[in-house]
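Breakdown of the fold
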Amino acid sequence: MTFTHEVGHILAGWAAGGHLHSADLLPWHFPQSHFEPNPHPLVTLWGGPVLGIAIPVLIAVIVRHRLAWMIAHFCILSNGLYLAVAWYTGDNHLETARLFAAGSSPVIVGIYCALTISAGYLRFRRDCINFMSDAPTNERKKTHAQSQ
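This structure is a prediction, so every number in the text was calculated from the model and none was measured. (Residues numbered from 1 in each chain as written. Predicted model: local features only at pLDDT ≥ 70, side-chain atom pairs only at ≥ 80, totals over all residues. Heavy atoms only, no water.)

This part takes up the overall build of the chain. Tallying secondary structure elements over the chain gives five helices and two strands in all. Listing every helix and strand of the chain by position from the N terminus yields α-β-β-α-α-α-α. In terms of overall size, the chain is more extended than a compact globule, its C-alpha atoms giving a radius of gyration of 19 Å where 148 residues would be expected to give roughly 15 Å. Within the chain, the fraction of its 148 residues that count as buried is 33%. Sequence-distant contacts, at least 24 apart, represent 60% of the contacts inside the chain between residues at least 6 apart. Surface accessibility of the chain: about 9100 Å² in total, with carbon and sulfur atoms responsible for 68%. Here the chain contributes 9 positively and 8 negatively charged side chains, and the mean placements of these two sets differ by 18 Å. (Helix = DSSP H or I, 4+ residues; strand = E, 2+ residues; numbered from the N terminus. Rg over C-alpha atoms; globule rule 2.2 N^0.38 Å. Buried < 20%, exposed > 50% of the residue type's maximum accessible area, 1.4 Å probe, protein only. Contact = heavy atoms within 4.5 Å. Areas by Shrake-Rupley, 256 points an atom, 1.4 Å probe, with all protein chains shown as cover. Lys, Arg positive; Asp, Glu negative; His and termini not counted. Charge placed at Lys NZ, Arg CZ, Asp CG, Glu CD.)

Structure (structure tokens):
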């Protein structure tokens, strides 16, 4: 999730004409990217949450495997939760405060959070239930087939 989210910032920043000054995508670090200059910071900032969902969903569409969809649904949920929690904490270093500082509307951020959290939660929950309920069933089928 954090990787595709940060790659979304990088791709959007480049598309908006920014020059990538530095980026940290290491899994054990807090991912971040910095553009100097960044002529359209709002585009760069929204690139993370938008492409952070679009990239995993596109991969799931191509791969067509339920585990890929489970990961995509997790990314939908977590991107929305990240913006909502960052909004709640008010931390100026996190994305939501930076979105507001760049001119994003709280209404748009609220709609994004509501849609992604609700859709992501419902779908990821369904994926987890299906994934968990299939494991014992498959084991029972194997055991039953071996006993015959």
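On we go from here.
Moving on, we get to the state of the cysteines. By the definition in use, this model includes zero disulfides. The thiol of C75 is unpaired, and the distance to the nearest cysteine sulfur, on C128, comes to 13 Å. C128 sits in the partly exposed class, given a relative accessible area of 21%. (Disulfide = S-S within 2.5 Å.)

Another point: the packing of helix α1 (residues 2-15) against helix α2 (residues 41-63). Contact geometry of α1 with α2 gives a least axis separation of 6 Å together with a crossing angle of 130°. One finds that α1 runs oblique with respect to α2. As for the relative orientation of α1 and α2, their crossing is right-handed in sense. Listed contacts from α2 to T4, H5, V7, G8, H9, L11, A12 and G13 of α1 are V43, T44, L45, G47, G48, P49, L51, G52, I55 and P56. Across the contact of α1 with α2, the residue classes tally to nine nonpolar, nine polar and no charged. (Axes fitted to C-alpha atoms, helices over the stretch in contact; angles between N-to-C directions. Parallel < 35°, antiparallel > 145°, perpendicular 65-115°, else oblique. Left-handed = near helix turned anticlockwise from the far one by under 90°. Nonpolar A, V, L, I, M, F, W, Y, C, P; charged D, E, K, R; others polar.)

Quick look at the pattern of salt bridges now. This model, assessed by the stated rule, comprises one salt bridge. Of the charged contacts, one joins D127 and R126 as a salt bridge, the two residues approaching to 3.5 Å between their closest N and O atoms. (Salt bridge = Lys/Arg side-chain N within 4 Å of Asp/Glu carboxyl O.)

Its place among the elements puts T4 in helix α1. Here T4 falls in the buried class, since its relative accessible area comes to 13%. Here the side chain of T4 touches M1 through a polar contact of 3.2 Å, landing on its backbone oxygen. Apart from the residues lying within four places of it in its own chain, the contact partners of T4 are L51, G52, I55, P56 and C75. (Polar contact = N/O pair within 3.5 Å; in protein donor to acceptor, adjacent residues only side chain to side chain.)

Glancing now at the packing of aromatic side chains. Counted under the stated rule, the structure contains three aromatic pairs. Seen in terms of ring centroids, W46 and Y112 are 5.5 Å apart; in terms of plane orientation they differ by 70°. Their pairing is edge-to-face. One end of the pair, W46, is in helix α2; the other, Y112, is in helix α5 (residues 106-147), with 66 residues separating them in the sequence. Since its relative accessible area comes to 15%, W46 is described here as buried. Accessibility expressed as a relative area gives 12% for Y112, which makes it buried. On the numbers, 5.1 Å between centres and 70° between planes, the contact of W87 with F100 is edge-to-face. Of this pair, W87 sits in helix α3 (residues 66-89) while F100 is found in helix α4 (residues 95-101), placing the two residues 13 residues apart along the sequence. Overall, W87 belongs to the partly exposed group, its relative accessible area being 36%. (Phe/Tyr/Trp six-rings, centres within 6.5 Å; stacked < 30°, edge-to-face > 60°.)

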